[in-house]
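# Secondary and tertiary structure notes
So the chains spell out like this:
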Amino acid sequence: MNPQHQPPPADDSAEEGVAPACVMSFNASDASGAGGLAGDIATIAAMGAHALPVVTAIVMRDTAEIFDRHAIDGDVVAEQARGILEDVTIAGWKVGFLGSAEGVSAVAEVLSDYPDVPLVAYMPNLGWLEEDDLQSYVDAYRELILPQTEVLVGNHKTLTDFLLPDWDNERPPSARELAVAAGEHGTRFVLVTGVMLPSKGKGTEQWVDNVLASAQGALTGEKFERFEASFVGAGDTLSAALASLLAAGSELQAAVGEALAFLDNSLDAGFRPGMGNVIPDRFFWALPPGEEEDGEPGEDPGSGPQGEPDGSNLPRQVH
């Protein structure tokens with residue numbers, strides 16, 4: 001060995017700092033920085049964890065809409081993940097948009113080798129995909145990802161279309177009914193956002209609920225007042241925050257409450273970098289006093305890394 005390249009002698013007196021929990025995120029590259037891997041990295045870092053980002057697709061978009069997407073080859077996705085997993089001990093998984101049915105299969109195979117690591121899976125609105133691509137994707141997701149999922153996160157309408165596509169009751173399904181449907185595929189819990197609540201009278205505020213549920217019933221949740229404004233990246237923010245908290249050892253119900261509060265504050269400090277939608281500010285807590293921007297409350301947490309709205313807006317919590 002070249003003596004110039006020898007490592008320094010070990011110093012037993014030097015103490016390494018405690019490493020943060022490491023969370024591996026499988027998601028799309030989103031050049032807008034609103035959601036996808038960019039949103040996951042920012043959120044995971046803001047929660048005090050360390051992000052291990054694995055690219056599953058490249059999404060062409062701006063802050064208003066999606067133009068196209070290119071899925072990454074499944075073998076390349078798996079190789080990215082396994083190279084890091086041989087070196088780093090992870091404490092949590094976050095799954096976002098996986099690009100294709102092939103990508104779903106590749107990620108599911110990696111996940112299966114670590115059954116004790118909690119998985120938070122976010123199902124965005126994928127109505128922008130071609131019908132054949134969409135069907136093969138959701139079929140693979142149900143079969144391969146849901147059986148390994150601790151918490152499935154998504155907007156009420158998106159999860160209804162995904163879990164109960166034949167629902168024909170005039171009454172929308174409850175969070176518990178969605179949890180029962182998810183449980184049939186092996187998922188333990190669902191975090192359902194944007195559940196519309198009946199208005200108390202004409203001209204009064206419209207409220208929505210965000211509910212954590214199992215097949216036995218609702219466990220916890222937070223109500224928000226609905227405002228007419230659109231964000232992009234809210235769903236990725238919520239699910240990445242929850243994955244980080246679980247990775248750090250938080251109890252599930254407490255983690256859900258903290259993740260919802262984090263999302264609320266991120267939206268409250270949201271900003272508009274372009275001509276499209278507003279982006280959550282995951283580092284709202286780092287702004288100097290007096291420099292916080294007025295929030296533009298809005299979007300539903302069901303808009304995905306691509307930011308397409310699910311048809312209802314995520315309300316901001318009333319403080």
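Residues numbered from 1 in each chain as written. Predicted model: local features only at pLDDT ≥ 70, side-chain atom pairs only at ≥ 80, totals over all residues. Heavy atoms only, no water.

## Here's the deal with the packing of aromatic side chains
- Under the counting rule described, the total for this entry stands at eight aromatic pairs.
- Both rings, one in Trp 93 and one in Tyr 114, keep their centres 5.6 Å apart while their planes meet at 70 degrees; by these two values the pair is edge-to-face. In this pair, Trp 93 is assigned in strand β4 (residues 92-95) and Tyr 114 in the loop between α3 (101-112) and β5 (119-122), connecting sequence segments 21 residues apart.
- Tyr 114 sits in the partly exposed class, given a relative accessible area of 27%.
- Here the aromatic rings of Phe 97 and Trp 128 are separated by 5.6 Å at their centres, their planes lie at 65 degrees, and the arrangement is edge-to-face. Taken together, the positions of Phe 97 in the loop between β4 and α3 and Trp 128 in the loop between β5 and α4 (131-145) put the pair 31 residues apart, joining distant regions of the chain.
- Take Phe 97: its relative accessible area is 0%, and that puts it in the buried class.
- Here a set of aromatic residues connected by ring pairs shows up, and it is made of Phe 97, Trp 128, Tyr 137, Tyr 141 and Phe 162. (Phe/Tyr/Trp six-rings, centres within 6.5 Å; stacked < 30°, edge-to-face > 60°. Helix = DSSP H or I, 4+ residues; strand = E, 2+ residues; numbered from the N terminus. Buried < 20%, exposed > 50% of the residue type's maximum accessible area, 1.4 Å probe, protein only.)

## Comments concerning the nonpolar core
- Of all hydrophobic cores here, the largest spans 50 residues; its most connected members are Phe 26, Trp 93, Tyr 141 and Ile 145.
- Those residues in contact with Ile 145 that sit more than four places away from it in its chain are Leu 98, Val 104, Val 107, Ala 108, Leu 111, Leu 119, Ala 121 and Ala 140.
- By size, the runner-up hydrophobic cluster in this structure holds 37 residues, among which are Ala 49, Leu 191, Ala 234 and Leu 242. (Core = buried A, V, L, I, M, F, W, Y, C linked by side-chain atoms within 4.5 Å. Contact = heavy atoms within 4.5 Å.)

## Here we look at the sheet that holds strand β6 (residues 151-155)
- One open sheet accounts for nine strands, arranged β3-β2-β1-β4-β5-β6-β7-β8-β9; its pairing is mixed. One side of each edge strand has no neighbouring strand; the edge strands of this open sheet are β3 (66-71) and β9 (217-225). With strand direction ignored, the average angle separating the axes of adjacent strands in the sheet is 20 degrees.
- Note: strand β1 (residues 22-30) against β4, four bridges, orientation parallel. If you follow Ser 25 over to β4, its bridge partner there is Lys 94. (Pairing = 2+ DSSP bridges. Axes fitted to C-alpha atoms, helices over the stretch in contact; angles between N-to-C directions.)

## Here we look at the pattern of salt bridges
- Taken as a whole and assessed by the stated rule, the structure comprises nine salt bridges.
- For Asp 133, the salt bridge identified is with Arg 69, shortest N-O distance 3.7 Å. Of this pair, Asp 133 sits in helix α4 while Arg 69 sits in strand β3, and the two are 64 residues apart along the sequence.
- For Asp 133, a relative accessible area of 34% gives the class partly exposed.
- The partner of Lys 94 in a salt bridge is Asp 236, and the shortest N-O contact between them spans 2.9 Å. Highlighted residues: Lys 94 in strand β4 and Asp 236 in helix α7 (residues 234-247), separated in sequence by 142 residues.
- Under the relative-accessibility criterion, Lys 94 is labelled buried at 0%. (Salt bridge = Lys/Arg side-chain N within 4 Å of Asp/Glu carboxyl O.)

## Considering the packing of α7 against helix α8 (residues 252-268)
- Running from N to C, α7 and α8 cross one another at 140 degrees; their axes reach a closest spacing of 9 Å. Between α7 and α8, the angle falls in the class oblique. The way α7 lies across α8 gives a crossing that is right-handed. Judged by residue contacts, Ala 234, Thr 237, Leu 238, Ala 241, Leu 242, Leu 245 and Leu 246 of α7 engage Leu 252, Ala 255, Val 256, Glu 258, Ala 259, Leu 260, Phe 262, Leu 263, Ser 266 and Leu 267 from α8.
- A per-class count over the contact of α7 with α8 returns 14 nonpolar, two polar and one charged. (Parallel < 35°, antiparallel > 145°, perpendicular 65-115°, else oblique. Left-handed = near helix turned anticlockwise from the far one by under 90°. Nonpolar A, V, L, I, M, F, W, Y, C, P; charged D, E, K, R; others polar.)

## Some details on the confidence of the model for the protein
- Residues at a pLDDT of 70 or more form 82% of the protein, whose mean pLDDT is 86.
- The low-confidence segment residues 1-14 (pLDDT under 50) makes two contacts with residues lying over four places distant or belonging to another chain.
- Contacts from residues 292-319, a stretch scored under 50 in pLDDT, to residues over four places away or in other chains number 138 contacts. (pLDDT = per-residue confidence, 0-100.)

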